[in-house]
Amino acid sequence: MDIEQFRKAGYQAIDRICDYYYALQQSKFSVLPDVEPGYLRPLLPSNAPETGEDFSQIAEDYQKLIVPGYTHWQHPSFLAYFPAGFSFEGILGDLYASSVSNPGFNWLASPSCTELESIVLDWASQMLGLSSSFLNSSGVGGGCFQNTASEAALVAIIAARSAYKAAYPDTKLEDMRIYTTTQTHSLGLKAGVILGLSVRALEVTREDNFSLRGDTLRSALEEDKKKELHPFILIATIGTTSSGAVDNIAEIRTVTADFPEIKIHVDAAWAGMALVCPEFRELCFLEDINAIADSFSTNFHKWGLTNFDACPLWVRDRKYLTDALDITPPFLRTAQGDAGIVVDYRNWHLGLGRRYRSLKLWFVLRGYGVEGFQKHIRKAVDLNKFFVELVTSSNMLSLCAPPSLALSVIRINPKPSASNQATLPEDALNDLNKLFYGKLSARKDIILTQTVLNGQFCIRLAIGSAFTQEVHIRDAFELITHEAKLALEAWEQPQIGA
Ligand code: PLP
C-alpha cells in the first residue's frame, strides 16, 4: 500500500467506523454475535497469501467475516464484566500513536513519548486527587503505563519483594507471603504463580460487605509472624470484581502502622475512576490511600473513556520500581540516561518496548476535561441507582450485596407473599439462579456476568458504556424480570411432579 492508497483506505475505514457507531447507538444489532465456536477457520484460507492482496478485498473480508464475530462492548446493553473504555478521541489517539510505531523504551527512543507520559499521568493523578507524592514532577514518585492492572500488581509485588529482600536479606523466598482477600481479583493468585510466592487470601464477610477489616489483617499478620513467615505486601482493592467492595484502608492504615515493612498496593482497576468525583472520595478512602499506598493503579481502559489499554501505575518512590527492574546493558545506555536527567520508562515495567499510550489519554483528557469525566461517572452511578430502585420494587429479585457505584449484584429470591410465606433453602436458590442465568446468557440482546458471593450464585450488572441511557436500563430490567419469571416457572415444574 502506498501513501495515496492509505489515504483512500483510511477515509473508508473512518466512514465505516462512523456507520458502525450510528448503528450501535440505535441498537441496530445485538450485543452478542450470532456465531458458534470455530466459526472463522473454515472461512479463511489455511495459509497466509503468497503474494500481497488488494486492500479493498481485505477491507471487504473484514466487514464480512470479522465484524460479525464481535461482542459489542460499547453497546448500550453491554452490562457484563466492567465496561471497556471508549471515546472517539481515544481512537484518534491510537491512530496517531500507531502512525509512528514507536517502542518508546527510553527518552531517546522518542523524547515526546516519555515526556508526554510523564505530564499526562501527572494530570491524571491530580484529576483523581492522588497525593502530590505520586507526581512525576516530584522527581521522587511518579506514574507510568503498564499493560494491565494485573501487570501493575505484578510489578508492585516484584518491587515489594525486592525491597523486602534488600531490608531482610536472609529471608527465604518460600517464607514470603503476598496478602490478598478472598475477593481480590485473580491477579493476586496469578502473581503468586508467576513469582513462585505463596498467597494468603484473607477472609472477608458478607456482614462487612466483603471489605477487608483491620482486625482480620492484624490477626493474620500476628499469626504469620509467630510462624516466622514474612508477609511483605498487601493488595488492597477499591471496587472488587464480584461486588464492588472497598477494603477498609483507614483500618489497614492503623494496622500497618505497626507493621511498617508491609508494602501496600491499591488495585482500583474499575472504581478508581470514581475518584474524579469529590463526592466518592471518602467512600474510596482516598485520604488513607494517599497516606499509605506505596503504589496505586486504575484502568482508564475500564470506566475512564480511554480505549484499551491504558493502565497507569503510580508509585510514591520511583526507586521502588527501578531498584527491582533496572537492567541496563551497554546497548541501552544513553548520554541522557547516564546523566540522570531523563526518565527511562523501560525500568518501570516488565517489557522493554512499550506502546505509546499517553497520546490517547492526552486527547481524552483534553476532549472531556475533568467535568466530562465527572459527568460520565455520575451518569453511570445514577443509572445504577435507577436499576436498584427497580430491583427493590420487584417481588422476585433481590440484591446480593449493597450496590457499589455503577455495579449491582442480584439474584432471584422471591419475597414471601400473603399466600406463600415459605423461603427457599440456599441450595435450591442457587439451582434456581443458575437456571435463571442460563436463560439470560442464552440471549444475544443483553450480556451480564455470573459470580458467587459467600456461596450464593448471583448475577452482576455493571453500567458504563457511554451509550447506555435510562431506556436501556429499563429494558434490561424488563428482560431480566421476564427471564426470572420463566426460570421460576421452569424450576417449579419438576418440583410439582416430584
Ligand atoms: N482488578 C479488578 C478489581 C478487576 O475487576 C479487574 C478486571 O475486571 C482487574 C483487576 C484486571 O484488569 P486487567 O485486565 O487490566 O488486568
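Residues numbered from 1 in each chain as written. Predicted model: local features only at pLDDT ≥ 70, side-chain atom pairs only at ≥ 80, totals over all residues. Heavy atoms only, no water.

Novice: Sorry, what's going on with the side chain of Ser87 here?
Specialist: Within the secondary structure layout, Ser87 lies in the loop between helix 2 (55-66) and helix 3 (88-100). With sequence-adjacent residues up to four places away left out, Ser87 is seen in contact with Leu305, Asn307, Val364 and Tyr368. (Helix = DSSP H or I, 4+ residues; strand = E, 2+ residues; numbered from the N terminus. Contact = heavy atoms within 4.5 Å.)

Novice: It is not clear to me how the UniProt feature "modified residue: N6-(pyridoxal phosphate)lysine" (unreviewed entry) in the chain should be interpreted in this structure. Could you clarify?
Specialist: Under the feature "modified residue: N6-(pyridoxal phosphate)lysine" (unreviewed entry), the UniProt entry names Lys302. Note on placement: Lys302 falls in helix 10 (residues 300-303). For Lys302, the residues in contact, after removing those within four places along its chain, are Phe82, Pro83, Ala84, Gly85, Ala269 and Trp270. (UniProt positions renumbered as here; feature names shortened; annotations may be inferred.)

Novice: Can you help me understand helix 11 (residues 318-325) in this one?
Specialist: An α-helix turns once every 3.6 residues. As a result, residues three or four positions apart point the same way. Turning to helix 11, its buried residues number three or more, namely Arg318, Tyr320, Leu321, Thr322 and Leu325. Packing partners of the buried residues in helix 11 comprise helix 5 (149-167), strand 4 (230-237), strand 5 (263-267) and strand 7 (311-315). (Buried < 20%, exposed > 50% of the residue type's maximum accessible area, 1.4 Å probe, protein only.)

Novice: Could you clarify how one ought to interpret the domain arrangement of the chain in this entry?
Specialist: How big an interface is tends to be stated in terms of the accessible area lost upon association of its parts. Split by domain assignment, the chain resolves into domain 1 (3-30 + 33-70), domain 2 (102-356) and domain 3 (366-497). Between domain 1 and domain 2, the C-alpha centre-to-centre distance is 38 Å. (Domains from an automatic or database assignment.)

Novice: I'm lost on the site of the ligand in this one. Help?
Specialist: Lining the immediate surroundings of the ligand are 13 residues, of which Ala149, Ser150, Thr241, Asp267 and Asn299 lie closest. Between an oxygen atom of the ligand and a side-chain N or O atom of His301, the distance comes to 3.4 Å. Burial of the ligand by the surrounding chains reaches 86%, relative to a free accessible area of 400 Å². Counting only elements with at least two residues in the shell around the ligand, the list comes to helix 5 and helix 10. Residues of the shell around the ligand, tallied by class, amount to 4 nonpolar, 7 polar and 2 charged. (Near = heavy atom within 4 Å. Polar contact = N/O pair within 3.5 Å; in protein donor to acceptor, adjacent residues only side chain to side chain. Areas by Shrake-Rupley, 256 points an atom, 1.4 Å probe, with all protein chains shown as cover. Nonpolar A, V, L, I, M, F, W, Y, C, P; charged D, E, K, R; others polar.)

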